[in-house]
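Chain residues, written in single-letter form:
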Amino acid sequence: MSEPLVIVGNGMAAARLVDELSKVALGRYAIAVIGNEPRLAYNRVLLSSVLAGEATSEDIELQPASWWRDRGVTLKYGCVATEIDVGRRELKIAGEESIAFSKLVLTTGSSALRLNMPGADLAGVHTFRDSRDVDLLLALAARKTRVVVIGGGLLGLEAAYGLAKAGAPVTLVHLMDRLMERQLDAPAGSLLKSLVENKGIEILLEASTARIHGDVSVEGVELADGRLIKAEAVIFAAGIRPNIALAKEAGIAVNRGIVVDDCLQTGAEGVFAIGECAEHRGICYGLVEPAYEQARVLARHLAGLDVAYAGSIVATNLKVSGVSVFSAGDFMGADGSESIVLSDIDHGTYKKLVITEGRLTGAVLIGDTADALWYLELIRSETPVAKIRGDMMFGRSLAEAA
């Protein structure tokens, strides 16, 4: 008889875990997926494409309903898990009876931070995190509402791009000296800024937001230096916070995220966590690729294989506001490393490769990212690059032909 396995959260991590389990442990578990969003799992990375009118909500669904059925999965979406009873091995769901589990996997993701500042509770202040947020932002864009986006990381840029493409005037305000400072060095950030500004988005860097003005609804945003930006709506996109409440209330150890070991198990026997909600060796990744790597390891562990998750090399590889961006590894360059840089601002491209002790350890690409996965493979495999050092900047085909 199949063991009852319950997955809390119906996002990208949950979908990948089900996929991996179907490869290595098909039939071993009776899987139930409990999600609070009222729809099938979708690619969150592509939400800005829906906002920009480049894709529909249906286009970004990860799998059709039939895919889940074919794998014997019971899908319950639009449901909120309210309590984990570790002792009785039960998960309580709002408005319904409890569901029993032998194994429980938390893929509860994260939530957008709402900055604590005067005016943050005014009508017209929103976040950009899930499909429900997209519906709100589409309504703003349709009215040509003037919007201020707070945050120049990936989420902020995607919100700004989607809103601008949908027709809203947008100003993006960022506290740091460059966009996507966690993924880009200064030259790459500067090039990305100019490319995004070419799309009609105003960008203010090193700009601290002091307050949001308005009596009932948003009328403007005041910066710490006294500048006032007129606005009818504000989008907070200044970071995310792992959703740990369910685990914490069950007495499961948490720090910033839900603490897991190398088998992705929490402090409670048979209870696991992966994705944005999980904290492994002190790190909450907040990215898709580490979640997928964790799902692969956990599926094999649940299949009875001897595996361990040792952490992920952080990489970003996607279109940001319509601009191809890739970043991986130690892109800033630690002591003892050397950097090879190719910059062609007129053509909107920038490449930086970081080499340490004869191996590629980091990379940043803007514009031309055709060889991104090859560079990532070199970083992860720690392959010696001495023989291709002179050609690797120009791509895989040239380097391997040399």
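(A) Region of the structure containing the overall build of the protein. From N to C terminus, the protein includes ten helices and 25 strands. Its C-alpha atoms give the protein a radius of gyration of 22 Å, near enough to 21 Å, the size a compact globule of 402 residues would have. Here the protein holds 402 residues, and 50% of them are scored as buried. A sequence separation of at least 24 residues applies to 61% of the contacts in the protein between residues at least 6 apart. Accessible area for the protein stands at about 17,900 Å²; split by element, carbon and sulfur atoms hold 49% of it. Considering the protein, the positive charge centre built from 40 side chains and the negative charge centre built from 51 side chains are found 2 Å apart.

(B) Quick look at helix 6 (residues 186–197). Under the 1.5 Å per step criterion, the end-to-end length of helix 6 is 16 Å for twelve residues, consistent within 8% with the ideal 16 Å. Among the residues of helix 6, Ala-188, Gly-189, Leu-191, Leu-192, Leu-195 and Val-196 are the ones counted as buried. When helix 6 is viewed along its axis, its buried side chains cluster within an angular range of 165° and face the same direction. The secondary structure elements touched by the buried residues of helix 6 are helix 5 (154–165), strand 12 (202–204), strand 21 (315–320), strand 22 (323–329), strand 24 (349–356) and strand 25 (359–366). For helix 6, the N-terminal capping position is held by Asp-185, with its side-chain oxygen 3.0 Å away from the main-chain nitrogen of Ala-188.

(C) Fine view of the side chain of Lys-352. Counting through the fold element by element, Lys-352 comes out in strand 24. For Lys-352, a relative accessible area of 8% translates into the label buried. Among the polar contacts listed, one links the side chain of Lys-352 to the side chain of Asp-185, at a separation of 3.2 Å.

(D) Quick look at helix 8 (residues 288–302). Between its first and last C-alpha, helix 8 extends 21 Å over 15 residues, near the 21 Å set by a 1.5 Å rise per residue. Listed in full, the buried residues belonging to helix 8 are Pro-290, Ala-291, Tyr-292, Gln-294, Ala-295, Val-297, Leu-298, Ala-299, Arg-300 and Leu-302. Considering only its buried residues, helix 8 is in contact with strand 1 (3–8), helix 1 (12–24), strand 2 (29–35), strand 7 (103–106), strand 19 (271–273) and strand 20 (278–280). In the segment just after helix 8, Gly-304 is the residue with positive phi, at about 90°.

(E) Summary view of the packing of helix 1 against helix 8. Viewed as axis vectors pointing N to C, helix 1 and helix 8 meet at an angle of 35°, and their least axial separation amounts to 8 Å. Viewed along their axes, helix 1 and helix 8 form a crossing whose handedness is right-handed. Of helix 8, the residues touching helix 1 (which contributes Met-12, Ala-13, Arg-16, Leu-17, Glu-20, Leu-21 and Val-24) are Val-288, Ala-291, Tyr-292, Ala-295, Arg-296, Leu-298, Ala-299, Arg-300 and Leu-302. Within the contact of helix 1 with helix 8, the residues separate by chemical class into twelve nonpolar, no polar and four charged.

(F) Structural detail: the sheet that holds strand 6 (residues 99–100). Pairing within the open sheet is antiparallel, and its three strands lie in the order 4-5-6. In this open sheet, the two strands that pair with only one neighbour each are strand 4 (81–85) and strand 6. With four bridges joining them, strand 4 and strand 5 (residues 90–93) adopt antiparallel strand pairing. Paired with Ile-84 across the strands is Leu-91, a residue of strand 5.

(G) Geometry of the nonpolar core. Of all hydrophobic cores here, the largest spans 54 residues; its most connected members are Val-6, Leu-17, Ile-31, Trp-68, Leu-91 and Leu-106. If near-sequence neighbours (up to four positions away) are discounted, Leu-91 is found in contact with Val-6, Val-8, Ile-34, Ala-81, Glu-83, Ile-84, Ser-98, Ile-99, Phe-101 and Leu-246. Membership of the second largest hydrophobic core comes to 42 residues, among which are Tyr-42, Ala-55, Ile-235 and Val-325.

(H) Local environment of unusual backbone geometry. Despite not being glycine, Leu-264 shows a phi value in the positive range, around 65°. Note that Leu-264 resides in the loop between strand 18 (258–260) and strand 19. With a phi close to 50°, Glu-357 is a non-glycine residue in the positive phi region. Mapping Glu-357 onto the fold places it in the loop between strand 24 and strand 25.

(I) Looking closely at the pattern of salt bridges. Enumeration over the complete set of coordinates arrives at 22 salt bridges. Here Arg-44 makes a salt bridge to Glu-37, at a shortest N to O gap of 3.7 Å. Of the charged contacts, one joins Arg-88 and Glu-90 as a salt bridge, the two residues approaching to 3.9 Å between their closest N and O atoms. Classification of Arg-88 by relative accessible area gives exposed; the value is 59%. In the salt-bridge network here, residues are joined through shared partners; they are Glu-377, Arg-396 and Glu-400.

(J) Up close: the sheet that holds strand 21. Sheet architecture is open: five strands sit in the order 21-22-25-24-23, paired in antiparallel fashion. Strand pairing shows two members of the sheet lacking a second neighbour, strand 21 and strand 23 (338–344), which therefore form its edges. If you compare each strand with its neighbour and ignore which way they point, the axes differ by 10° on average. In terms of strand pairing, strand 23 meets strand 24 through seven bridges, oriented antiparallel. Directly across from Asp-344, in strand 24, lies its bridge partner Thr-349. Contacts from helix 9 (residues 372–381) reach strand 21, strand 22, strand 24 and strand 25, with the element oriented near 155° to strand 25.

Parameters at a glance
- Residues numbered from 1 in each chain as written.
- Predicted model: local features only at pLDDT ≥ 70, side-chain atom pairs only at ≥ 80, totals over all residues.
- Heavy atoms only, no water.
- Helix = DSSP H or I, 4+ residues; strand = E, 2+ residues; numbered from the N terminus.
- Rg over C-alpha atoms; globule rule 2.2 N^0.38 Å.
- Buried < 20%, exposed > 50% of the residue type's maximum accessible area, 1.4 Å probe, protein only.
- Contact = heavy atoms within 4.5 Å.
- Areas by Shrake-Rupley, 256 points an atom, 1.4 Å probe, with all protein chains shown as cover.
- Lys, Arg positive; Asp, Glu negative; His and termini not counted.
- Charge placed at Lys NZ, Arg CZ, Asp CG, Glu CD.
- Expected span 1.5 Å × (residues − 1).
- Arc of directions from axis to C-beta.
- Polar contact = N/O pair within 3.5 Å; in protein donor to acceptor, adjacent residues only side chain to side chain.
- Axes fitted to C-alpha atoms, helices over the stretch in contact; angles between N-to-C directions.
- Left-handed = near helix turned anticlockwise from the far one by under 90°.
- Nonpolar A, V, L, I, M, F, W, Y, C, P; charged D, E, K, R; others polar.
- Pairing = 2+ DSSP bridges.
- Core = buried A, V, L, I, M, F, W, Y, C linked by side-chain atoms within 4.5 Å.
- Salt bridge = Lys/Arg side-chain N within 4 Å of Asp/Glu carboxyl O.

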